[in-house]
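Descriptive structure summary
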Amino acid sequence: MINSLSLSNFKSWKNADLRLGKLTGLFGTNSSGKSSLIHFLLMLKQTAESSDRAQVLDFGDEKSFVELGTFKDVIYDHDTSRSINFSVDWSLGETLKIIDPTRKGKNLFEGKGIGFGCEIMQTEKGRLYVQKFSYDFSGFQFFDGKGQKDSYKYQTLCISFS
């Protein structure tokens, strides 16, 4: 179950922080951004289900859950120098155990919660790329960030809060 969603620079949302429950209602006036939140989740779903692994975000087409256009269409204030930032935290039905391959019988971490965050930008030539992303597993956070401006090499950092 998704527990929280944080989002910035997507459609009409400069910043949005939502806590979600088993049943969550979205209320607001017309054109206040309620549908944009659903569009974002549907875009993530169709991106995850896309067979094109090189595609950073799947904005959709006439056969998709949602058709959003281009990066310029979905970025806040149509300012393509901005980045789309988001994080999603969810709870799993059962405990996730990640085994440490160097220490037999020991887990690196285990827990029922997981999180993912990402910053997505567009180059001057219009190509989307992931600037940064992170995973959170029960107090361990893994960060990956793009190195130099025109490089597609990433640096990984792990931080433990335990």
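To keep things clear, this report deals only with the structure shown in the data block.

Quick notes on the environment of Asp89
Locating Asp89 in the fold gives a position in strand S3 (residues 84–99). Ignoring anything within four residues of it in the chain, the contact list for Asp89 reads Met1, Ile2, Asn3, Ser4, Ile114 and Gly115. Reaching out from Asp89, the side chain makes a polar contact with the side chain of Ser4 at a distance of 3.0 Å.

Digging into the environment of Thr24
Here Thr24 is to be found in the loop between strand S2 (13–19) and helix H1 (34–49). Sequence separation between Thr24 and Thr80 is 56 residues; the distance between their C-alpha atoms is 31 Å. Here Gly21 takes part through its backbone nitrogen, which lies 2.9 Å from a polar atom of the side chain of Thr24.

A few points about the pattern of salt bridges
For the structure on display, the rule yields 4 salt bridges. When the shortest N-O distance is used, the salt bridge between Arg103 and Asp100 registers 3.7 Å. Residue class for Arg103 comes out partly exposed when judged on its relative accessible area of 45%. Classification of Asp100 by relative accessible area gives buried; the value is 8%. Here Glu119 makes a salt bridge to Lys132, at a shortest N to O gap of 3.6 Å. Of this pair, Glu119 sits in strand S4 (residues 107–122) while Lys132 is found in strand S5 (residues 128–137), placing the two residues 13 residues apart along the sequence.

The rules behind the values
- Residues numbered from 1 in each chain as written.
- Predicted model: local features only at pLDDT ≥ 70, side-chain atom pairs only at ≥ 80, totals over all residues.
- Heavy atoms only, no water.
- Helix = DSSP H or I, 4+ residues; strand = E, 2+ residues; numbered from the N terminus.
- Contact = heavy atoms within 4.5 Å.
- Polar contact = N/O pair within 3.5 Å; in protein donor to acceptor, adjacent residues only side chain to side chain.
- Salt bridge = Lys/Arg side-chain N within 4 Å of Asp/Glu carboxyl O.
- Buried < 20%, exposed > 50% of the residue type's maximum accessible area, 1.4 Å probe, protein only.

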